[in-house]
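Single-letter residue listing:
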Amino acid sequence: MTGAFDNLSPQLRQVQEQGLYRKRRILESAQGVEVRMDGRELLNFSSNDYLGLASHPEVVKAMIKGAQHYGVGSGSAHLLCGHSKAHHALEEELADFTGRDRALLFSTGYMANLGVITALLGRGDAVFEDRLNHASLLDGGLYSGARLKRFRHADVDALAAAVQKIPAENRLIVSDGVFSMDGDLAPLPGLAKIAADNRAWLMVDDAHGIGVLGDKGSGSCGHFGLTPLQAPVLMATLGKAFGVFGAFVAGSDALIETLIQRARTYIYTTAMPAALAEAGRAALRLVIAEDWRRDRLAALTQRFRKGARQLGLQLPDSGSAIQVVRLGDSQRAVAVSEALLQQGWLVGAIRPPTVPRGTARLRITFSAQHQFAHVDRLLDALEKMRL
Ligand SMILES: *Cc1c(COP(=O)(O)O)cnc(C)c1O
């Protein structure tokens, strides 16, 4: 018998043959630098837990205490009875932290991006996105019904030309602060200038910059000294450097009220558990207080870049904790990642469609919990791979 969806299995086989098949590994330990996965002890260079907070005792304790007080389930959406004192306190603390009027929690970063862009834009508007923006930003742009214009990666002049060519009532320029699969920083001052010159708004997704860059972890906006007026929409996640889960948008009172009224991914979903908000508060205190985590991360990254250069590896420019070794071919990237795994190194092979075709790569991420010896041993392993 033949019918609809008969082509699923052949399609899957094809994906496999192209080296693009995605498989999950099973984690058996806490998240951290040393993990147990599929029955093996591995040194982890693939996590976004940049500051090493995902298993921090104070964060864990805050979550347990939160669960004891609030229970596990939040019971409903924020607009019904799911918005707890813990959520509210975290929002106020995040507003303070980011120097904005207010902040609003979303259950995930994906939902935050979808919610913001669709709440702000509709038919007749225009959204300008860096080509390498995170999938959730591009999806938000598509879904909004606004005209979506993607501009060349980090190319301020290309953006300027596009903005001048497309006159629309509301224009939103959207960029990752730190690009998730390359680790480079967006040219935020240039983007902000174009926004200001054209009465457009700039939205920054700082999933990989918040906590890592800038004074006290204020992120890529802090790093560049961008004011809230220059970057009126700031989105960041709590699942990476904060080591927790969820996301937030920070901005003016009018922006946040608009999101509460209109962002469908905010309105029509269950609030994140209050215990997670308590964990987020504990993580925020550590992010602000413990500069040594950022200093260490920067030192580890510098050591890696220097060592890699000595090996003759061409690393793209990256001032973040994300370091990339481009291999091009997907099969090769998978083979190298697999060979590293055999030696106890967990390094991700990033392939299309996550990155453009022909640019498969190893994505190496550091955590404040890594030791210098870990970096040196990883470099030894890479040297033996003869990349
Ligand atoms: C991880 C990520 C997101 C999505 O955040 P989640 O909380 O994991 O859904 C959005 N934008 C960027 C740039 C990211 O790296």
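Residues numbered from 1 in each chain as written. Predicted model: local features only at pLDDT ≥ 70, side-chain atom pairs only at ≥ 80, totals over all residues. Heavy atoms only, no water.

Bringing the domain arrangement of the chain into the picture now. Domain parsing of the chain yields domain 1 (21-51 + 291-384) and domain 2 (57-289). Each of domain 1 and domain 2 was reduced to a C-alpha centroid, and the two centroids are 26 Å apart. The interface of domain 1 with domain 2 comprises 20 residues on the first partner and 22 residues on the second. For the pair domain 1 and domain 2, the summed buried area comes to about 1600 Å², and 56% of that belongs to carbon and sulfur atoms. (Domains from an automatic or database assignment. Contact = heavy atoms within 4.5 Å. Buried area = accessible area lost by both parts, 1.4 Å probe.)

A word on the site of the ligand. Contacts to the ligand come from 13 residues, most closely from Gly-109, Tyr-110, Asp-205, His-208 and Lys-240. His-208 places a side-chain nitrogen or oxygen 2.6 Å from an oxygen atom of the ligand. Starting from 380 Å² of accessible surface for the ligand in isolation, the protein chains cover 82%. In terms of residue count, the dominant contributor to the shell around the ligand is helix α5 (residues 109-120) (three residues). Its residues placed into classes, the shell around the ligand shows two nonpolar, eight polar and three charged. (Near = heavy atom within 4 Å. Polar contact = N/O pair within 3.5 Å; in protein donor to acceptor, adjacent residues only side chain to side chain. Areas by Shrake-Rupley, 256 points an atom, 1.4 Å probe, with all protein chains shown as cover. Helix = DSSP H or I, 4+ residues; strand = E, 2+ residues; numbered from the N terminus. Nonpolar A, V, L, I, M, F, W, Y, C, P; charged D, E, K, R; others polar.)

Attention now goes to the nonpolar core. With 63 residues, the main nonpolar core has Leu-94, Phe-242, Phe-248, Phe-304, Leu-340 and Ile-364 as its most contacted residues. Counting residues per element, this core draws most heavily on helix α12 (residues 274-289), at nine residues. Of the domains in this structure, domain 1 (21-51 + 291-384) and domain 2 (57-289) are the two that each give at least three residues to this core. Apart from the residues within four sequence positions on either side, Leu-94 is in contact with Ala-103, Leu-105, Leu-238, Phe-242, Phe-248 and Leu-284. (Core = buried A, V, L, I, M, F, W, Y, C linked by side-chain atoms within 4.5 Å. Buried < 20%, exposed > 50% of the residue type's maximum accessible area, 1.4 Å probe, protein only.)

The element strand β4 (residues 126-130) is largely enclosed, with a buried count of five among its five residues. Side chains Ala-126, Phe-128 and Asp-130 of β4 all project onto a buried face; the interleaved residues Val-127 and Glu-129 project onto the opposite face, where all are buried too. Where β4 lies against strand β5 (residues 147-151), five bridges are found, and the strand directions are parallel. Counted as the bridge partner of Ala-126 is Arg-147 from β5. Following the backbone out of β4, through helix α6 (residues 135-144) and into the adjacent parallel β5, one traces a crossover that is right-handed. Across four bridges, the pairing between β4 and strand β6 (residues 171-176) is parallel. Across the sheet, Val-127 pairs through a bridge with Leu-172, a residue of β6. (Pairing = 2+ DSSP bridges. Right-handed = clockwise from strand over helix to strand, strands pointing away.)

Following the criterion strictly, the structure yields five aromatic pairs and no others. Taking the centre distance of 6.0 Å and the plane angle of 35° together, the rings of Phe-45 and Trp-345 count as tilted. Separated by 300 residues along the polypeptide, Phe-45 in the loop between β2 (40-44) and α2 (57-70) and Trp-345 in strand β11 (residues 345-346) bring together distant segments of the chain. A single burial state applies to Phe-45 and to Trp-345, both of which are buried. Cluster of aromatic residues (ring-pair linked, three or more members): Phe-45, Phe-304, Trp-345 and Phe-366. Cation over ring: Arg-296 sits above Phe-372, and NZ or CZ is 5.1 Å from the ring centre. (Phe/Tyr/Trp six-rings, centres within 6.5 Å; stacked < 30°, edge-to-face > 60°. Lys NZ or Arg CZ within 6 Å of the ring centre and 35° of its normal.)

All right, on to a positive patch on the surface then. Taken together, the side chains of Arg-131, Arg-147, Lys-149, Arg-150 and Lys-165 make up a positively charged region of the molecular surface. It is β5 that contributes the most residues to the positive patch, three residues altogether. By the element assignment, Arg-131 lies in the loop between β4 and α6. Under the relative-accessibility criterion, Arg-131 is labelled partly exposed at 43%. (Patch = residues over 30% accessible without salt bridge, like charges linked within 9 Å, V, L, I, M, F, W, Y side chains within 5 Å. Salt bridge = Lys/Arg side-chain N within 4 Å of Asp/Glu carboxyl O. Lys, Arg positive; Asp, Glu negative; His and termini not counted. Charge placed at Lys NZ, Arg CZ, Asp CG, Glu CD.)

Let's shift gears to the sheet that holds strand β7 (residues 201-205). The seven strands are arranged β3-β9-β8-β7-β6-β4-β5 in an open sheet whose pairing can be described as mixed. Bordering the open sheet on either side are β3 (102-106) and β5, each of which pairs with just one other strand. Sheet twist, expressed as the average angle between the axes of neighbouring strands with direction ignored, equals 20°. Judged from the five bridges that link them, β3 and strand β9 (residues 247-251) form a sheet pairing that is antiparallel. Bridge pairing links Ala-103 to Ala-250 in β9. Sheet contacts for α5: β3, β4, β6, β7, β8 (233-237) and β9; angle to β8, the most-contacted strand, approximately 165°. Of the strands in this sheet, β4, β5, β6 and β7 touch α6, which is tilted by about 160° from β4. (Axes fitted to C-alpha atoms, helices over the stretch in contact; angles between N-to-C directions.)

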